[in-house]
Amino acid sequence: MSEKTILVTGGAGYIGSVCTELLLTLGYRVIVIDNLQTGYLNAVHPKAQFVKGNIGNKSLLARLFKSNSIQAVIHFAAETLVTTANTNPQSYLRNNLVRSINLLDAMLEYGCHQIVFSSTAAVYGEPVDVPIKETHSTNPLNAYGDTKLMFEKILFYYAKAYGLKSIIFRYFNAAGCTDLYGEAHDPETHLLPLILRVPLKQADNINVYGNDYDTRDGTCVRDYVHVSDIANAHVLALEKMQQVKSSIYNLGNETGFTVQEVIATCEKVTKCTIPVVNKPRRVGDPARLIASSEKVRRELNWVPIYTDLEAIVESSWVWHSRYRSGYG
Ligand SMILES: NC(=O)c1ccc[n+]([C@@H]2O[C@H](COP(=O)([O-])OP(=O)(O)OC[C@H]3O[C@@H](n4cnc5c(N)ncnc54)[C@H](O)[C@@H]3O)[C@@H](O)[C@H]2O)c1
């Protein structure tokens, strides 16, 4: 059991809530800072200390760091909607960069030198080689991916100049739920919860964007990684932070599933027919995004438990059937 205190930014959101749950189970003390702009109070674990506020608020951060001995920060808080990033880059730049820099500066000022950062496969853009290794070229296709890549670079300079140790995780498609915490974005843009709206009788069909890609069935291929496996990687990062150098790791299962295969798996799990409406391709949607996660397995001993798509879908179906309106 650990008695370390971890500050989790964005702990009222999807991945942050699951990570907080795991940290508390393992005996960490967790402080969640979240302004609830896309998160939910109900998603904050009752045993976490919750601070409603903005990660860019310098005086709030100063109070937090002064009154708690925080060993490390896990930084989930961000603007995450790819769809609005290019039309409203200001809020992405402000939140994912400016406010996040305020967080780093507060960490340095109060002697906290360890951070785990949520980055994304969107930093790669259209991949040249699949499975994608961390050494693959980066060429984000939208402002969201760009802000994540820029912050990775900021972390690189903070490591070099100020000794701030960082572990950066580039998540592929986070999916699945625990018994208590699940995926409830508003607006929802992620495939799995959108598909499950049909068997939940909250939607009549699912839109599929592009069925003429050069893939098994013409629909896009993505690598789905269970949110609990993502949370596990964060714990490993905290445990091994002292032994490894600042580094970037992909988090994915190394297996790709087409959109049609995900829909078919949802039909099997929910025992419900899910009608599809075919739509044109979306700009900036690569045909195939599959991770190489060899590096994180080798260096952090990460072993994903949910390697089977059906198990990932099952976990989501259980949560969404139980919490039909999410955290609302
Ligand atoms: N969900 C995915 O598939 C996925 C994939 C790749 C990367 N990521 C990254 O993982 C992280 C978590 O994603 P998620 O899906 O849980 O998102 P989410 O929107 O569910 O959670 C983000 C949380 O951060 C909070 N927040 C945002 N800005 C804040 C601010 N300035 N101050 C305080 N709180 C703030 C929100 O209220 C929300 O609770 C994000 O950084 C995202 O970019 C997610």
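Remember, it's a predicted structure, so these values are computed and weren't measured experimentally.

Enquirer: Tell me what's going on with the packing of helix 1 (residues 14-25) against helix 7 (residues 227-240), and back it up with residues and numbers.
Expert: How two helices sit against one another is set out by the angle between their axes and by the gap between those axes. The N-to-C vectors of helix 1 and helix 7 enclose an angle of 60°; their axes lie 9 Å apart at closest approach. The pairing of helix 1 with helix 7 is recorded here as oblique in orientation. Helix 7 is crossed by helix 1, and the crossing has right-handed handedness. Packed against helix 1, whose contacting residues are Tyr14, Ile15, Val18, Cys19, Leu22 and Leu23, the element helix 7 presents Val227, Ser228, Ile230, Ala231, Asn232, His234 and Val235 at the interface.

Enquirer: Account for the site of the ligand, naming residues and giving values.
Expert: Every one of the 29 residues lining the ligand counts as a neighbour, but Gly10, Gly13, Gly39, Ala78 and Ala174 are closest to it. Where the shell around the ligand is concerned, the elements lending two or more residues are helix 1, strand 2 (29-34), helix 4 (89-109), strand 5 (114-120) and strand 7 (173-175). Counting residues per element, the shell around the ligand draws most heavily on helix 1, which supplies 3 residues. Taken together, the residues that form the shell around the ligand break down as 11 nonpolar, 16 polar and 2 charged.

Enquirer: With reference to specific residues and values, describe the environment of Val123.
Expert: Note on placement: Val123 falls in the loop between strand 5 and helix 5 (143-162). When the C-alpha atoms of Val123 and Asp146 are compared, they prove to be 6.5 Å apart, with 23 residues separating the residues in sequence. Once you skip the residues sitting within four places of it in the chain, Val123 turns out to touch Thr138, Pro140, Gly145, Lys148, Leu149 and Arg170.

Enquirer: Which residues make up helix 1, and what are the values?
Expert: Between the first and last C-alpha of helix 1 there are 17 Å, a value that for 12 residues agrees with the 16 Å anticipated at 1.5 Å per step. Judged by how many residues are buried, helix 1 sits mostly within the fold: 10 of 12 residues are covered. Among all positions of helix 1, only Tyr14, Ile15, Gly16, Ser17, Val18, Cys19, Thr20, Glu21, Leu22 and Leu23 are buried. Considering only its buried residues, helix 1 is in contact with strand 1 (5-9), strand 2, strand 4 (70-75), strand 5, strand 7 and helix 7. At the C-terminal side of helix 1, Gly27 shows a positive phi close to 95°.

Enquirer: Pulling in residues and values, what's your account of the sheet that holds strand 12 (residues 257-258)?
Expert: Strand order in the open sheet made by the 3 strands is 12-9-14, with mixed pairing throughout. A strand with exactly one partner marks an edge of an open sheet, and here the two such strands are strand 12 and strand 14 (288-289). Sheet analysis places strand 9 (residues 221-222) next to strand 14, joined by 2 bridges and oriented parallel. Following the sheet pairing, Val221 is matched in strand 14 by Arg288.

Conventions adopted
Residues numbered from 1 in each chain as written. Predicted model: local features only at pLDDT ≥ 70, side-chain atom pairs only at ≥ 80, totals over all residues. Axes fitted to C-alpha atoms, helices over the stretch in contact; angles between N-to-C directions. Helix = DSSP H or I, 4+ residues; strand = E, 2+ residues; numbered from the N terminus. Parallel < 35°, antiparallel > 145°, perpendicular 65-115°, else oblique. Left-handed = near helix turned anticlockwise from the far one by under 90°. Contact = placed C-beta atoms within 7 Å. Near = placed C-beta within 6 Å. Nonpolar A, V, L, I, M, F, W, Y, C, P; charged D, E, K, R; others polar. Expected span 1.5 Å × (residues − 1). Buried ≥ 20, exposed ≤ 12 C-beta atoms within 10 Å, placed from the backbone. Pairing = 2+ DSSP bridges.

Shape is all these values report; function is a separate question.
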